[in-house]
Amino acid sequence: MAQQTIHAATAQPDGKSRRGVRRTVTILAVVALAVYLSTFLQILLMK
Amino acid sequence: MSYAATHDQHDDHHGAPKGFFQRWCMSTNHKDIGTLYLIFSLTMLFIGGSFAMLIRAELFKPGMQLMQPYFFNEMTAMHALVMIFGAIMPAFVGLGNWMIPLMVGAPDMALPRMNNLSFWILPFAFVLLLSTLFLPGGGPAGGWTMYPPLSLQSGSLAYAVFAIHLMGISSIMGAINIIATILNMRAPGMDLMKMPVFVWSWLITAFLLIAVMPALAGAVTMLLTDKYFGTNFFNPGGGGDPVLYQHIFWFFGHPEVYIMILPAFGIISEIVPTFARKPIFGYKAMVFAIACIAFLSFIVWAHHMFAVGLPLGAEVFFMYATMLISVPTGVKVFNWVATMWGGSMTFETPMLFAIAFIILFTIGGFSGLMMALVPADFQYHDTYFIVAHFHYVLVTGALFAIIGAAYYWMPKWTGNMYNEFWGKVHFWNSVIWVNVLFFPQHFLGLAGMPRRIPDYNVAFANFNMISSIGGFLFGATQLIFVGVLIHCAFFSKKKATDRVWEGAKGLEWTIPSPAPHHTFEVPPVINDDELAHGHVND
């Protein structure tokens, strides 16, 4: 990880890390939503 | 490390906000939010504990003593919900909030405003949940698992479901924040395999949370639609199946058990090397063991359902998969013992709680191994043996680790040393009375006493009385803990040094005590000799 300036009040890193945080959050939020929706797939098992 | 010498001069010019509302309600500071989580968790510990006292009071003697059966059922369900979602999980999130940025050299969490929201959702969730006790019809009384069709009879189901959704949203946001922080905000040179074990344990726990909390949300949403919107997910009359709920619930529920114990493993892996004055034995093995336990936690859920009537092949698979967990868990226990072996050990209060954890959690693990055996589980199922097992894991396991962590890091948080004498009084009373409380419950379970009943056969009277006495005294002992915490925070004259403990290593000990409001605005320089586990490749 390159040396970076970070604003302590918001902890927002500049440049590469800011994009990294955004990408991490997006992927994890999509995974959480997918798990939530997939629980309803049990409807396929209903007789 | 040169950082510590210059740090306080750099940070003194901007401290905490002056106003109470601004500081505590609007905070984006990981330390303040961590403190809020820990205070909330302690409050919930006493609320959930008071429910436990009522349960033990009713069970003190055979016959109905103090309450109606429905209220007893409310107490067992609410005790579990409050302790799991209100006390244990927020305590670990609080510890993670406080310590993860300090341990990886980050100035704060990656998403500080979301951090604030994650916390402030929780009080509303629990007010909602606890308010059901005062509503006509009462609170949830079908156990924390909320199996249908029993849970569908509760008039307060919607309140409980909404509260669980809020808790889940809070947990998922917290988990995303922790992962984003660890993956993106580490100081230069803090490679993944140089991170403290506590940080590793939280990284893996956060992935578990994201993978399973939405499954719980889905399950309780279907309960809600079954009760109020005419769906039949769990109604055989409409083509549904109540056992499907159990599968989804335990797909969440078993990893949830590890969500409550993996950060505890991380804490013990911080405390033991400090007081043994040795690097942790087998750092990489410890990290891989945590990852292995997390993976296995996804393929063992049906061991909670052996008695429901699973196909034989499924029962055998889940039995062996469950027994496999003892391998990485054994690696961890042996590594903690190996860390202590030949070390210059001292026995301050955090170390006492850590040693008690290792011994008593292992007892809980062994009884878990017993009930992994399908034929044996048919006898243990729904008895007090199960109650004894999971309380050894969650009280002498998770709770003891949290208390140990509080004693360990309290001097760093407050800048003051706690009173060691009263810390030890707290420890010895806790460790004695917790065993008086829970050990007899093994015998009650083996003798056939069912769980979740307000009355029982007179044959179970003696052990129940002993257990209740242990419960009252264990509960009272925790008041000593509160006294020690308050004394340490506000009245202690003994100031903590920056490093606090002679054998402590890691970035968190390079900053002043108490930790300044802002830390690591300039990323620290990592010196491998200062890391808790020494040189990884040694």
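Everything numeric in this text was worked out from a predicted model, so none of it was measured.

## Details of the overall build of chain A
- Within chain A, the secondary structure is distributed over 1 helix and 2 strands.
- N-terminal to C-terminal, the α/β element order of chain A is β-β-α.
- Relative to its full complement of 47 residues, chain A shows a buried share of 32%.
- If you sum the accessible surface of chain A, you get close to 3,200 Å²; carbon and sulfur atoms cover 67% of it.

## Overview of the overall build of chain B
- The helix and strand tally for chain B stands at 17 helices and 0 strands.
- Dimensions of chain B, computed from the C-alpha atoms along their principal axes, are close to 70 × 50 × 45 Å.
- The buried share of chain B, reckoned over its 538 residues, is 62%.
- Total accessible area computed for chain B in this model is approximately 19,400 Å², and 71% of it derives from carbon and sulfur atoms.
- The centroid of the 22 positive side-chain charges in chain B is displaced by 5 Å from the centroid of its 26 negative side-chain charges.

## Details of the interface of chain B and chain A
- With 37 residues of chain B at the contact, the number on the chain A side is 29 residues.
- The junction of chain B with chain A conceals about 2,800 Å² of combined surface from both sides, 70% of it contributed by carbon and sulfur atoms.
- Between chain B and chain A we count 2 residue pairs in polar contact (both at pLDDT 80 or more) in total.
- Sorting the residues of the side of chain B that touches chain A by element identifies α5 (112-131), α6 (157-184), α7 (197-228) and α8 (242-259) of chain B as the ones contributing at least two each.
- Looking at which element gives the most residues to the side of chain B that touches chain A, the answer is α7 of chain B, with 9 residues.
- Taken together, the residues that form the side of chain B that touches chain A break down as 24 nonpolar, 9 polar and 4 charged.

## Some details on the side chain of H442 of chain B
- Relative to the elements of secondary structure, H442 of chain B occurs in helix α16 (residues 420-446).
- If we skip the residues at most four places from it in the chain, H442 of chain B touches S367, F385, A388, H389 and Y392 of chain B.

## Section: the packing of helix α12 (residues 326-340) of chain B against helix α13 (residues 349-372) of chain B
Residue and element names in this part refer to chain B.
- Running from N to C, α12 and α13 point in directions that differ by 155°, and their axes come no closer than 11 Å. As judged from the angle between their axes, α12 and α13 are roughly antiparallel. As α12 runs across α13, the sense of the crossing is left-handed. Packed against α12, whose contacting residues are S326, T329, V333, W336 and M340, the element α13 presents M351, I355, F357, I358, F361, T362 and L369 at the interface.

## A word on the confidence of the model for chain B
Residue and element names in this part refer to chain B.
- For chain B, the mean per-residue pLDDT works out to 93, and 96% of the residues sit at or above 70.
- When the criterion is pLDDT under 50, residues 1-13 qualifies, and its contacts beyond four places in sequence or with other chains add up to 24 contacts.
- Scoring the predicted complex yields pTM 0.93 and, for the interface, ipTM 0.83.

## Some words on the pattern of salt bridges
All names here are of chain B.
- Scanning all chains against the criterion turns up 2 salt bridges over all chains.
- Of the charged contacts, one joins D32 and R23 as a salt bridge, the two residues approaching to 2.9 Å between their closest N and O atoms.
- Assessed through its relative accessible area of 25%, R23 is described here as partly exposed.
- Between E502 and R277 there is a salt bridge whose closest N-O contact spans 2.7 Å. Taken together, the positions of E502 in the segment after α17 (461-491) and R277 in the loop between α9 (262-276) and α10 (283-296) put the pair 225 residues apart, joining distant regions of the chain.
- For E502, a relative accessible area of 64% corresponds to the exposed category.
- On the basis of relative accessible area, R277 is assigned to the partly exposed category, the value being 28%.

## Describing unusual backbone geometry
All names here are of chain B.
- The residue after P148, namely P149, is reached through a cis peptide bond having omega 5°.
- Topologically, P149 is positioned in the loop between α5 and α6.
- Cis rather than trans, the peptide bond between S513 and P514 has omega equal to -5°.
- Turning to its location among the elements, P514 is positioned in the segment after α17.
- The phi torsion at M146 lies on the positive side, around 55°, for a residue other than glycine.
- Looking at where M146 falls in the secondary structure, it is placed in the loop between α5 and α6.
- The buried category is assigned to M146, whose relative accessible area is 3%.

## Details of empty space enclosed by the protein
Residues and elements named next belong to chain B.
- Counted according to the given criterion, the structure contains 3 cavities of 30 Å³ or more.
- Breaking the lining of the largest cavity down by element, the ones donating at least two residues are α4 (69-104), α6 and α7.
- Ranked by the residues each element gives to the lining of the largest cavity, the list is headed by α4, at 5 residues.
- A per-class count over the lining of the largest cavity returns 11 nonpolar, 3 polar and no charged.

## Regarding a nonpolar patch on the surface
All names here are of chain B.
- On the surface, F439, F443, F463 and I466 cluster together into a nonpolar patch covering about 330 Å² of accessible area.
- Within the residue set of the nonpolar patch, elements represented by two or more residues are α16 and α17.
- Mapping F443 onto the fold places it in helix α16.

## A few points about the environment of F298 of chain B
Residue and element names in this part refer to chain B.
- Within the secondary structure layout, F298 lies in the loop between α10 and α11 (312-324).
- Spatially, the C-alpha atoms of F298 and G174 are 21 Å apart, while their sequence positions differ by 124 residues.
- Setting aside residues up to four positions removed in sequence, F298 forms contacts with L208, A211, V212, F251 and P255.

## A closer look at the UniProt feature "domain: Cytochrome oxidase subunit I profile" (unreviewed entry) in chain B
- Within this structure's numbering, the places UniProt gives as "domain: Cytochrome oxidase subunit I profile" (unreviewed entry) are residues 24-527 of chain B.
- Overall, residues 24-527 of chain B shows 68% helix and 0% strand. The separation of its end C-alpha atoms is 35 Å.

## Quick word on the layout of surface pockets
Residues and elements named next belong to chain B.
- The volume enclosed by the second largest pocket comes to roughly 880 Å³.
- What lines the second largest pocket is a set of 33 residues, among which T35, L38, I39, M410 and W413 lie closest to the centre.
- Among the secondary structure elements, those contributing two or more residues to the lining of the second largest pocket are α2 (20-24), α3 (30-58), α4, α15 (384-414) and α17.
- When residues of the lining of the second largest pocket are assigned to their parent elements, the largest contribution, 9 residues, is made by α3.
- Residue composition of the lining of the second largest pocket, by class: 25 nonpolar, 5 polar and 3 charged.

So, how was this worked out
- Residues numbered from 1 in each chain as written.
- Chains lettered and ligands numbered in written order.
- Predicted model: local features only at pLDDT ≥ 70, side-chain atom pairs only at ≥ 80, totals over all residues.
- Heavy atoms only, no water.
- Helix = DSSP H or I, 4+ residues; strand = E, 2+ residues; numbered from the N terminus.
- Buried < 20%, exposed > 50% of the residue type's maximum accessible area, 1.4 Å probe, protein only.
- Areas by Shrake-Rupley, 256 points an atom, 1.4 Å probe, with all protein chains shown as cover.
- Lys, Arg positive; Asp, Glu negative; His and termini not counted.
- Charge placed at Lys NZ, Arg CZ, Asp CG, Glu CD.
- Contact = heavy atoms within 4.5 Å.
- Buried area = accessible area lost by both parts, 1.4 Å probe.
- Polar contact = N/O pair within 3.5 Å; in protein donor to acceptor, adjacent residues only side chain to side chain.
- Nonpolar A, V, L, I, M, F, W, Y, C, P; charged D, E, K, R; others polar.
- Axes fitted to C-alpha atoms, helices over the stretch in contact; angles between N-to-C directions.
- Parallel < 35°, antiparallel > 145°, perpendicular 65-115°, else oblique.
- Left-handed = near helix turned anticlockwise from the far one by under 90°.
- pLDDT = per-residue confidence, 0-100.
- Salt bridge = Lys/Arg side-chain N within 4 Å of Asp/Glu carboxyl O.
- 1 Å grid on protein atoms, 1.4 Å probe; cavity = no way out; pocket = protein on both sides within 12 Å on 5 of 7 lines; lining within 4 Å.
- Points joined across faces, edges and corners; volume = space filled by probe spheres on them.
- Patch = residues over 30% accessible without salt bridge, like charges linked within 9 Å, V, L, I, M, F, W, Y side chains within 5 Å.
- UniProt positions renumbered as here; feature names shortened; annotations may be inferred.

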